[in-house]
Amino acid sequence: MRSLLRGESAVWAVLVCLSTGMAAASFGYGVTKEGGQVGPGFLPLVSGVALAVLSAACLVRSVRGGASPSGEDVDPRRIRTLWTVFGLLLAALLLVPVTGFLVAFGLLVFTVSAFVERQRVVSAAGVAVAATLVLYAVFVLFLGVPLPGGLLGVGGDG
């Protein structure tokens, strides 16, 4: 049990670091545009700060040896699943310069749905396509925020 909690603490610590880095990097994209409009860095800033705060709270609870929310022992499969998703997220981030953000995001959603969550391939593909289209509609069409197109040029970044 203690080793699982140390592993859990490590996951929360990594998540605090990654989300803090995400929030810091958001300033490079511009949090606001001219005229006070929301810029491309606003969402990464808000999400990074929120995720860092929540992860830090979970880290503190884990370090203090608090029980899992349900009061049961932590399932080692859940920790393994969490690390798997982190690894897939890193792979997706490394794919962005090559495939573009939308393709990398769609592949990430499909992979997590099909192989981590064990959904049917057709359902996973549907979820991935729908999530990618919603992301495109919100950021590129509605907010006018260009997404990295990578070598394929897909993403609406001009």
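Residues numbered from 1 in each chain as written. Predicted model: local features only at pLDDT ≥ 70, side-chain atom pairs only at ≥ 80, totals over all residues. Heavy atoms only, no water.

1. Concerning the overall build of the protein chain
Part 1 of the reasoning: Within the protein chain, the regular secondary structure consists of five helices and zero strands.
Part 2 of the reasoning: Scanning the protein chain from its N terminus toward the C terminus, one meets helices and strands in the order α-α-α-α-α.
Part 3 of the reasoning: Counting over 158 residues, the protein chain shows a buried share of 30%.
Part 4 of the reasoning: Expressed as a percentage of contacts within the protein chain between residues at least 6 apart in sequence, the contacts between residues at least 24 apart total 56%.
Part 5 of the reasoning: Carbon and sulfur atoms form 71% of the exposed surface of the protein chain, whose accessible area is close to 9,800 Å². (Helix = DSSP H or I, 4+ residues; strand = E, 2+ residues; numbered from the N terminus. Buried < 20%, exposed > 50% of the residue type's maximum accessible area, 1.4 Å probe, protein only. Contact = heavy atoms within 4.5 Å. Areas by Shrake-Rupley, 256 points an atom, 1.4 Å probe, with all protein chains shown as cover.)

2. Here we look at the packing of helix 3 (residues 76–99) against helix 4 (residues 101–116)
Part 1 of the reasoning: It is at 8 Å that the axes of helix 3 and helix 4 come closest, and there the two elements cross at 155°. Between helix 3 and helix 4, the interaxial angle falls into the category roughly antiparallel. Between helix 3 and helix 4 lies a crossing of right-handed hand. Contacts between helix 3 and helix 4 pair T81, T84, V85, L88, L89, A92, L95, V96 and T99 from the former with F101, V103, A104, L107, L108, T111, V112 and V116 from the latter. (Axes fitted to C-alpha atoms, helices over the stretch in contact; angles between N-to-C directions. Parallel < 35°, antiparallel > 145°, perpendicular 65-115°, else oblique. Left-handed = near helix turned anticlockwise from the far one by under 90°.)

3. Focus on the nonpolar core
Part 1 of the reasoning: Counting residues in each nonpolar core, the largest one holds six residues, listed as L102, L135, F139, V140, V145 and L147.
Part 2 of the reasoning: At three residues, the largest contribution of residues to this core is made by helix 5 (residues 121–142).
Part 3 of the reasoning: Membership of the second largest hydrophobic core comes to five residues, among which are V11, W12, L15 and C58. (Core = buried A, V, L, I, M, F, W, Y, C linked by side-chain atoms within 4.5 Å.)

4. Comments concerning the packing of helix 4 against helix 5
Part 1 of the reasoning: Relative to each other, helix 4 and helix 5 sit at 145°, their axes nearing to 8 Å. Considering how the two elements wind past one another, helix 4 and helix 5 form a crossing that is right-handed. Facing F101, L102, F105, G106, V109, F110, S113 and A114 of helix 4, the residues of helix 5 in contact are V121, A124, A125, V127, A128, A131, T132, L135 and Y136.
Part 2 of the reasoning: Taken together, the residues of the contact of helix 4 with helix 5 break down into 14 nonpolar, three polar and no charged. (Nonpolar A, V, L, I, M, F, W, Y, C, P; charged D, E, K, R; others polar.)

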